[in-house]
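Below are the chains, spelled out letter by letter.
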Amino acid sequence: MYFHSQAAPNAVRNRKAYFHQLLNSHSVGRTKAPLNVLNVASGPARDMREWVLDNPEREVFFDCVDAEIHAIERAKKLCEPFAKRVEFYHRNVLRFLPAKGYELVWSAGLFDYLTDRTFVYLLKALMAVTKRGGEVVVGNFSDHNPSRDYMELLGDWVLQHRTRDHLRELALEAGAPADSIEVMWEPEGVNLFLHIRR
Ligand SMILES: C[S@@+](CC[C@H](N)C(=O)[O-])C[C@H]1O[C@@H](n2cnc3c(N)ncnc32)[C@H](O)[C@@H]1O
């Protein structure tokens, strides 16, 4: 209970609301074509489940990639009520991405485990599958993390913490134009979100 009330676990919970807001902003008023979303390292996909069940009228399709079969199986169960709207890929995202185009590409809880080199490699790949006018949004823990010592010493939870400037530099290295990059955060200021407009 004590640990789960700290800044880092709060930040992880906050990213669900952040994803929901993104889905709202991309889908609201969209009448002509469905919204296609790529969810990279989707985990149990409870975030998607809650949003779709709350917004059944929005025409949104999700492709989810995750390397862990148990995560995929759990996610499939949770997304059963709207299974026609979700495709799951049990794959390593560094080796495979669906050959489609997306209006929104989202990844939380993955990039802060990657080295800078792999970060840039994967970001480039995600930018390549994002349609013109679409957006890539990637979460990464910030260097402002009051829970860091506790996480590392007691939880063996070691992440690549990155500053806003560092995220911006990596986006530039991946080929994003400077004026397409924005870095935002959730209310704790612990989880940053790198946005790249295509
Ligand atoms: C911390 S969870 C994040 C889940 C969810 N996106 C969230 O925000 O809570 C990280 C997920 O990344 C997946 N993952 C790790 N490395 C991966 C890779 N190379 N390719 C695909 N999925 C990967 C893990 O299996 C796990 O489900």
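One structure accompanies this document, and this report is about it. (Residues numbered from 1 in each chain as written. Predicted model: local features only at pLDDT ≥ 70, side-chain atom pairs only at ≥ 80, totals over all residues.)

Judged by pairing direction, the sheet is mixed, and its seven strands sit side by side in the order 3-2-1-4-5-7-6 without closing on themselves. Each edge of the open sheet carries a strand with a single partner, namely strand 3 (86-90) and strand 6 (181-185). Averaged over all neighbouring strand pairs, the angle between strand axes comes to 15°, with direction disregarded. As paired strands, strand 1 (residues 35-40) and strand 2 (residues 60-66) are joined by six bridges and run parallel to one another. Note that in strand 2 the partner of V40 across the bridge is V65. Its contacts with the sheet place helix 1 (residues 7-27) against strand 1, strand 2, strand 4 (102-107), strand 5 (130-141) and strand 7 (191-197), and it is angled at close to 175° to strand 4. Contacting strand 2 and strand 3, helix 3 (residues 69-78) crosses the sheet at an angle of about 165° to strand 3. (Pairing = 2+ DSSP bridges. Helix = DSSP H or I, 4+ residues; strand = E, 2+ residues; numbered from the N terminus. Axes fitted to C-alpha atoms, helices over the stretch in contact; angles between N-to-C directions. Contact = placed C-beta atoms within 7 Å.)

Near the ligand you find 15 residues, and of these A41, G43, E68, A108 and G109 are the closest. Of the residues in the shell around the ligand, the class split is eight nonpolar, four polar and three charged. (Near = placed C-beta within 6 Å. Nonpolar A, V, L, I, M, F, W, Y, C, P; charged D, E, K, R; others polar.)

This part is about the pairing of strand 7. Of all seven residues in strand 7, five are buried, a share of seventy percent or more. The sheet contact formed by strand 5 and strand 7 spans seven bridges and is antiparallel. Bridging from a neighbouring strand, V138 pairs with L194 of strand 7. Sheet topology places strand 6 next to strand 7; five bridges connect them, and they run antiparallel. The residue bridging I181 from the neighbouring strand is I196, located in strand 7. In sequence, strand 6 turns back onto strand 7 through a hairpin of five residues, with G189 there showing a positive phi of about 70°. (Buried ≥ 20, exposed ≤ 12 C-beta atoms within 10 Å, placed from the backbone.)

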